[in-house]
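Residue-level listing of the chains:
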Amino acid sequence: MFTLAEVASLNDIQPTYRILKPWWDVFMDYLAVVMLMVAIFAGTMQLTKDQVVCLPVLQSAVNAEAQPSMSRDADVTPGFEATTDQDKERAMRTVSSESPPTITPNIPLSRTTYSELQSTVFNQDLRKEEKDSLGRKTNLDYQQYVFINQMCYHLALPWYSKYFPYLALIHTIILMVSSNFWFKYPKTCSKIEHFVSILGKCFESPWTTKALSETACEDSEENKQRLTGAPSLPKHVSTSSDEGSPSASTPMIAKSGFKFSAEKPVIEVPSMTILDKKDGEQAKALFEKVRKFRAHVEDSDLIYKLYVVQTVIKTVKFIFILCYTANFVNEISFEHNCKPKVEHLIGYQEFECTHNMAYMLKKLLISYISLICVYGFVCLYTLFWLFRIPLKEYSFEKVREESSFSDIPDVKNDFAFLLHMVDQYDQLYSKRFGVFLSEVSENKLREISLNHEWTFEKLRQHVSRNTQDKQELHLFMLSGVPDAVFDMTDLDVLRLELIPEAKIPAKISQMTNLQELHLCHCPAKVEQTAFSFLRDNLRCLHVKFTDVAEIPAWVYLLKNLRELYLIGNLNSENNKMIGLESLRELRHLKILHVKSNLTKVPSNITDVAPHLTKLVIHNDGTKLVVLNSLKKMMNVAELELQNCELERIPHAIFSLTNLQELDLKSNSIRTIEEVISFQHLKRLTCLKLWHNKIVNIPSSITHVKNLESLYLSNNKLESLPVAVFSLQKLRCLDVSYNSIAVIPVEIGLLQNLQHLHITGNKVDVLPKQLFKCLKLRTLSLGQNCIISIPDKIGQLLQLTYLELKGNCLDRLPTTLGQCRLLRKSGLVVEDHLFDTLPSEVKEVLNQDTSISFANGI
């Protein structure tokens, strides 16, 4: 026999799941326990005390009742035989038992004789009954009574009287299992367990208390402001009337203390205590868990459907129990008439039986029906609640109104249903849980943890000097910008990379030396005061982005900006139009560097045409087709069009009369016949056509008389025309990595040549005229087929760099020692060739450069 505790365990759940049990579920659980107790009590009583007591119905009593009618029938019908053969035999046994045994012949009785005998027996019975007050004898022994009691228990009692306790127990167990099935089903149990675990941690997290306490503090400050009549500032405050002030659409952040939202008035809130580092890490982990749990649970509504199904099952079960149970209440009675058809064993045909548990069972059944009715009404209320409002949607509107977390999103599906269930337990759970759904709250937590971790001393350790000898701080993949950064007043360059929630506060105005800012995938937001400082003081800005929409709007308003570097996709997502906004406010911009995938020169660039001096367009291999906008760049002195898949020199370039340097690196230019048009560009001094597919150089290049630098490396040149050497102002000539086999003797005409690069060609002989270029400082002859170096190389007194590695040399000329500025660090040659030099030459080459300069002076 099982105990009540064992069966009640079916209704047990984990204590933490109680927050998901609304009052009706708790009430139904208690009702189920009471119904279980009723069923077990009835079953126990039935097993221990339930019995039926039966007595035979004596035939004499039946005959006595039927005698008047029988005499009347005899008068009406004289020929009617009043009794049966069984009555005759019974009468004979009665007579024989009352009188002494006598031997009589077996003579049939006549009707008159039998009637007289029957009357005599009846009168004797009456006299005996009057004489004996203890009752009638039935001539049945104990075993026969036991037998007939058991027979009549199964035949006479209605089945419901015998099986009611077991049916009640089974129904109750089914109801109990149905109530908690959604806690046991594997596909929902894991989600519920995860939800309850996260909810409990969110409720107890110190960050929740801190965030809500700050909200309460803000509310009290707002009330005080209202009472004192203090005016509140709008969302985007702009009291300045200067040109370049951002409009309301500019992504600024309102000046605030510990405010989370810019929707409410600006209020300085007293600073709260710093969150413990361990608590901060746990809170950040909770934000991540909540984010992943939301993404996982919002995809389905299995928990909601399962709860609805189990509620419907309980309701249908209630209706079924009520319908068939109500019909059996009246069938439970104390007295029962039993005709077991065992007369051949007992001698009696009919029995009167009593059921000793009838009254108790009837009362228990009525109690059970009452409990079932209450249970059913609660189920109906549950169904009403389930379909009264859309439980697959949950709105935090009330939480958003009561707190400053205006960005808490609404949730749906199973996530929403679980929150609705929690609200029935305690709405404070949902309110505290909403803190971990707010991005503003998460960003605030990151800010506090970040400032706690990145102190001024730690930031100072990360400051370095760049190639321009400026103090630079590079912050990479942080959750925000630490406040201590803005206390570093001597910083020149600030580089922020992969910081998605970067905010620049008003404290940046303390950084008086800051002139260069790098934003790499960092759409920073600035306060109004910070913007004013950047607008007046920032000189160089680098912005690296994935989509043009990531460029902060305030970038286009920095009126004192000198250099702007844009690296990313400038095409908008939906079309091929350039998404770059107007640059009209950048009135002092001198250098614009665009590294993107442009198909045409952005028309916005013409906004800065009057004062732009350098334009760089560095494509990723996308063909630049439309260049008409270049014609408006009349003041551009340097132009770079790199990796733009250009096949010829664009004609628009020939209109740039102030152009001094042109770089067409990494294109697909095959011919440069248009080079004759460069004669109109009187100021052009540097022409870079490297990394193309140029086969030959036209003789018309001689018309570009002011050319000082010519870069033709990494092309397909096989020879150098004499016209190149007529460029008397040429100082740098780079023809590296071509297929040139001969250096013309006319190279001696380049008296101003200082840098000559012929690395990676097929030159085998160096003409003596080369060494007439006495101003040569750099001579790169590596990876050729040169077999000897003339001794006249000693005439190059200003030579500081000489590359000879990768040739067919067997020795070096001893005259290298006459190149007084050449040192071993500037001599690129194999070690075994260097060892062939005399020791005194080696000593000269190994001398310190400063000593040689001193001797020269």
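These figures come from a predicted structure and were not determined experimentally.

A. A look at the overall build of the protein. A tally of helices and strands in the protein yields 23 helices and 24 strands. Relative to its 857 residues, the protein shows a buried fraction of 47%. Within the protein, counting contacts between residues at least 6 apart in sequence, those at least 24 apart form 57% of the total.

B. Region of the structure containing the sheet that holds strand S3 (residues 351-355). Taking strand neighbours across the sheet as the criterion, the three strands line up as S1-S3-S2 in an open arrangement whose pairing is antiparallel. Only two strands of the sheet have a single partner each, and these edge strands are strand S1 (52-56) and strand S2 (335-338). On average, each strand axis in the sheet is inclined to that of its neighbour by 25 degrees, with strand direction left out of account. Across four bridges, the pairing between S2 and S3 is antiparallel. Bridge pairing links glutamate 335 to threonine 354 in S3.

C. Expanded view of a nonpolar patch on the surface. On the surface, a nonpolar cluster with roughly 470 Å² of combined accessible area is contributed by Trp23, Phe27, Val374, Tyr381 and Phe384. Within the residue set of the nonpolar patch, elements represented by two or more residues are helix H2 (23-49) and helix H14 (358-388). With three residues, H14 is the largest single contributor of residues to the nonpolar patch. Take tyrosine 381: it is sitting in helix H14. Classification of tyrosine 381 by relative accessible area gives partly exposed; the value is 34%.

D. Local environment of empty space enclosed by the protein. Within this structure, the stated rule accounts for two cavities of 30 Å³ or more. In this structure, the second largest cavity encloses a volume near 30 Å³. Taken together, Leu519, His521, Cys522, Pro523, Val543, Lys544, Phe545, Glu550 and Pro552 make up the full set of residues lining the second largest cavity. Top element by residues in the lining of the second largest cavity is strand S12 (residues 540-547). It accounts for three residues. Tallied by class, residues from the lining of the second largest cavity come to six nonpolar, one polar and two charged.

E. Geometry of the nonpolar core. Core analysis: the largest hydrophobic core is formed by 133 residues, its most contacted members being Leu541, Trp554, Leu639, Leu641 and Phe678. Counting residues per element, this core draws most heavily on helix H20 (residues 528-537), which supplies four residues. The contact partners of leucine 639, leaving out residues within four places of it in the chain, are Leu615, Leu630, Ile653, Leu656, Leu659, Glu661, Leu662 and Asp663.

F. Up close: the state of the cysteines. Per the counting criterion, the structure on display carries two disulfides. Across the disulfide from cysteine 54 sits cysteine 353; the S-S distance is 2.0 Å. Taking the sign of the S-S torsion, 110 degrees for the link of cysteine 54 and cysteine 353, the bridge is right-handed. Of this pair, cysteine 54 sits in strand S1 while cysteine 353 sits in strand S3, placing them 299 residues apart in sequence.

G. Representation of helix H11 (residues 277-297). With 21 residues, H11 should cover 30 Å at 1.5 Å per step; its first-to-last C-alpha distance of 30 Å lies within 8% of that length. Where H11 is concerned, the buried positions are Gly280, Ala283, Leu286, Phe287, Val290, Phe293 and Val297. Seen end-on, H11 carries its buried residues on one side only, within an arc spanning 145 degrees. Exposed side chains of H11 directed beyond 90 degrees from the buried face belong to Lys277, Lys278 and Lys292.

H. Region of interest: the confidence of the model for the protein. Across the protein, the average pLDDT comes to 79, with 79% of residues at or above 70. Taken element by element, the predicted model of the protein shows its lowest mean pLDDT in helix H4 (residues 85-98) (42) and its highest in strand S21 (residues 755-757) (97). Predicted confidence is poor over residues 64-115, with pLDDT under 50, and the contacts of this stretch with residues over four places away or in other chains come to 26 contacts. For the stretch residues 254-273, pLDDT sits under 50, and the model shows 58 contacts to residues farther than four places along the chain or on other chains.

I. View of the packing of aromatic side chains. Scanning the model with the defined rule gives 25 aromatic pairs in all. Summarising the aromatic geometry, the rings of phenylalanine 287 and phenylalanine 436 are spaced 4.8 Å apart at their centres and angled 45 degrees between planes, so their arrangement reads as tilted. Taken together, the residues phenylalanine 287 in helix H11 and phenylalanine 436 in the loop between helix H17 (427-434) and helix H18 (439-453) connect sequence positions 149 residues apart. Comparing phenylalanine 287 with phenylalanine 436, the two get one shared label, buried. An aromatic cluster of three or more residues is present, and its members are Trp23, Trp24, Tyr381, Phe384 and Trp385. Directly above the aromatic system of phenylalanine 203 lies the positively charged group of arginine 432, at a separation of 4.8 Å from the ring centroid. Directly above the ring of tyrosine 711 sits lysine 688, whose terminal nitrogen or CZ lies 5.2 Å from the centroid.

J. Structural context of the packing of helix H9 (residues 186-204) against helix H12 (residues 302-326). Where H9 contacts H12, the axes come no closer than 10 Å and their chain directions differ by 115 degrees. Considering only the axes of H9 and H12, their crossing is left-handed. Together, Lys187, Thr188, Lys191 and Ile192 of H9 and Leu302, Ile303 and Leu306 of H12 make up the contact between the two elements.

K. How the structure looks around the side chain of lysine 688. You can see lysine 688 is positioned in strand S18 (residues 686-688). A residue is classified by how much of its surface remains accessible, and lysine 688, at 15% relative accessible area, is buried. Those residues within four positions of lysine 688 in sequence are excluded, and the remaining contacts are Glu661, Leu662, Asp663, Leu664, Lys665 and Tyr711.

L. Highlighting the pattern of salt bridges. If you walk through the whole model with that rule in mind, you get 21 salt bridges. Measuring nitrogen to oxygen at the nearest pair gives 3.6 Å for the salt bridge that ties lysine 614 to glutamate 638. Residue lysine 614 is found in strand S15 (residues 614-619), and its partner glutamate 638 is found in strand S16 (residues 638-642); the two are separated by 24 residues along the sequence. By relative accessible area, which is 23% here, lysine 614 ends up partly exposed.

M. Layout of the pairing of strand S13 (residues 563-569). Across six bridges, the pairing between S12 and S13 is parallel. For aspartate 547, the partnering residue across the bridge sits in S13 and is asparagine 569. Two elements, S13 and strand S14 (residues 591-596), share five bridges in a ladder whose sense is parallel. Pairing of leucine 566 across the sheet is with valine 594, part of S14.

N. Layout of the pairing of S14. Most of S14 is tucked away, with five of its six residues classed as buried. Bridge count for S14 against S15 is six bridges, and the pairing is parallel. Considered in S15, the bridge of lysine 595 is made with histidine 618.

O. Representation of helix H6 (residues 142-155). For H6, which comprises 14 residues, the first-to-last C-alpha distance of 20 Å matches the rise-based estimate of 20 Å (1.5 Å per residue) to within 8%. By the burial criterion, the buried members of H6 are Ile148, Asn149, Cys152 and Tyr153. Seen from one end, H6 has its buried residues packed into an arc of 140 degrees, which puts them on one side. Opposite its buried face, H6 presents the exposed residues Gln143, Gln150, His154 and Leu155, each directed more than 90 degrees away.

Analysis parameters
- Residues numbered from 1 in each chain as written.
- Predicted model: local features only at pLDDT ≥ 70, side-chain atom pairs only at ≥ 80, totals over all residues.
- Heavy atoms only, no water.
- Helix = DSSP H or I, 4+ residues; strand = E, 2+ residues; numbered from the N terminus.
- Buried < 20%, exposed > 50% of the residue type's maximum accessible area, 1.4 Å probe, protein only.
- Contact = heavy atoms within 4.5 Å.
- Pairing = 2+ DSSP bridges.
- Axes fitted to C-alpha atoms, helices over the stretch in contact; angles between N-to-C directions.
- Patch = residues over 30% accessible without salt bridge, like charges linked within 9 Å, V, L, I, M, F, W, Y side chains within 5 Å.
- Areas by Shrake-Rupley, 256 points an atom, 1.4 Å probe, with all protein chains shown as cover.
- Salt bridge = Lys/Arg side-chain N within 4 Å of Asp/Glu carboxyl O.
- 1 Å grid on protein atoms, 1.4 Å probe; cavity = no way out; pocket = protein on both sides within 12 Å on 5 of 7 lines; lining within 4 Å.
- Points joined across faces, edges and corners; volume = space filled by probe spheres on them.
- Nonpolar A, V, L, I, M, F, W, Y, C, P; charged D, E, K, R; others polar.
- Core = buried A, V, L, I, M, F, W, Y, C linked by side-chain atoms within 4.5 Å.
- Disulfide = S-S within 2.5 Å.
- Expected span 1.5 Å × (residues − 1).
- Arc of directions from axis to C-beta.
- pLDDT = per-residue confidence, 0-100.
- Phe/Tyr/Trp six-rings, centres within 6.5 Å; stacked < 30°, edge-to-face > 60°.
- Lys NZ or Arg CZ within 6 Å of the ring centre and 35° of its normal.
- Left-handed = near helix turned anticlockwise from the far one by under 90°.

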